[in-house]
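Breakdown of the fold
Here are the chains, one letter per residue:
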Amino acid sequence: MGKLKVYYGWSRIGNVHKKRSLSVMFENDAQGCRSERGQRCLKTIQDTVFERFQDEEEEKQGKLQNRIFTEYSLFLDEKPINGSLENILQINSEADRNHVSKAMRERISEALRNAFMLANPGYKEPNNQFSLNFEWDE
């Protein structure tokens, strides 16, 4: 386990973000990220709900960067998510599959789900999702 962290949360709408999104921030340099300035930057960008340490492969990539953080966002109201909380959590879990255990991915999803529902009490999962299920006859 490395010394660099990954922060999961929901983006703050404002000058940086204009749309609702799940925000995953990777530390690239422990000194700058954990400083007061780094933490202030993180709080400006997202409402953090879960933290974990990066694995060795993720940390190697982080040390090659010249920024304090690297952010990955999944936008809630764009395709293929189309406003579905369950879809966004599933896509995020699949993205972490090679670096995080299944139990940890479930904890991350649950923390993100709880924070979203707390901030959006009237949210209902959209039922206009179109999906194709192919069955093969052999």
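The present account deals with the structure reproduced in this document. (Residues numbered from 1 in each chain as written. Predicted model: local features only at pLDDT ≥ 70, side-chain atom pairs only at ≥ 80, totals over all residues. Heavy atoms only, no water.)

**Regarding the pairing of strand S2 (residues 21-27)**
Looking along a regular strand, one sees the side chains alternate between the two faces of the sheet. Short version of the rule: Note on exposure labels: buried denotes an accessible area under 20% of the residue type's maximum, exposed denotes more than 50%, and partly exposed covers the range between, all computed with a 1.4 Å probe on protein chains only. Counting from the N terminus, the helices are the DSSP runs of H or I reaching at least four residues and the strands are the DSSP runs of E reaching at least two. Pairing between strands is defined by DSSP: at least two bridges between them are needed.
Burial runs high along S2: seven of the seven residues are buried. Residues Ser21, Ser23, Met25 and Glu27 line one face of S2 and the alternating positions Leu22, Val24 and Phe26 line the opposite face, and both faces are buried. Judged from the five bridges that link them, strand S1 (residues 5-11) and S2 form a sheet pairing that is antiparallel. Within S2, the position partnered with Val6 by the bridge is Phe26. Of the pairings in the sheet, the one linking S2 to strand S4 (residues 69-75) comprises seven bridges and is antiparallel in character. Pairing of Glu27 across the sheet is with Phe69, part of S4.

**Concerning the sheet that holds S2**
Counted only if it meets this: An axis is simply a line fitted to the C-alpha atoms; with a helix, the fit covers only the stretch in contact. Between two such axes, the angle follows the N-to-C directions and lies from 0 to 180 degrees.
Read from one edge of the open sheet, four strands run S3-S1-S2-S4, paired in antiparallel fashion. Looking at the sheet topology across the chains shown, the edges are occupied by strand S3 (46-53) and S4. The average undirected angle you get between the axes of adjacent strands in this sheet is 20°. Examined bridge by bridge, S1 and S3 share seven bridges and lie antiparallel to one another. Opposite Trp10, over in S3, you have Asp47 as the bridge partner.

**Here we look at unusual backbone geometry**
Cis peptide bonds are those with omega within 30 degrees of zero, and the linkage from Lys79 to Pro80 qualifies with 0°. Examined against the element boundaries, Pro80 turns out to sit in the loop between S4 and helix H4 (85-95). Despite not being glycine, Asn82 has its phi angle at roughly 50°, a positive value. Asn82 sits in the partly exposed class, given a relative accessible area of 39%.

**Some remarks on the pattern of salt bridges**
Inclusion rule: Salt bridges are counted wherever a side-chain nitrogen of Lys or Arg sits within 4 Å of a carboxyl oxygen of Asp or Glu.
Per the stated rule, a full pass over the model turns up eleven salt bridges. In this structure, the salt-bridge partner of Lys102 is Glu106, at a minimum N-O distance of 3.6 Å. Within this pair, Lys102 and its partner Glu106 are both found in helix H5 (residues 102-119), separated by four residues, close to a single helical turn. We classify Lys102 as exposed; its relative accessible area is 54%. The class for Glu106 is partly exposed, based on a relative accessible area of 45%. Within this structure, Arg52, Glu58 and Asp96 form a network of salt bridges that share partners.

**Quick notes on the nonpolar core**
Convention followed: Working definition of a nonpolar core: buried Ala, Val, Leu, Ile, Met, Phe, Trp, Tyr and Cys residues. They are joined through side-chain atoms within 4.5 Å. Residues count as neighbours in contact if any of their non-hydrogen atoms are within 4.5 Å of one another.
Residues Tyr8, Trp10, Leu22, Leu85, Ile88 and Leu112 are the most contacted members of the largest nonpolar core, which totals 17 residues. At the level of secondary structure, the elements contributing two or more residues to this core comprise S1, S2, H4 and H5. Sequence-distant contacts of Leu85, defined by excluding residues within four places in its chain, comprise Trp10, Leu76, Arg113, Phe116, Met117, Tyr123 and Glu125. With six residues, the next largest nonpolar core counts Cys33, Leu42, Ile45 and Phe69 among its residues.

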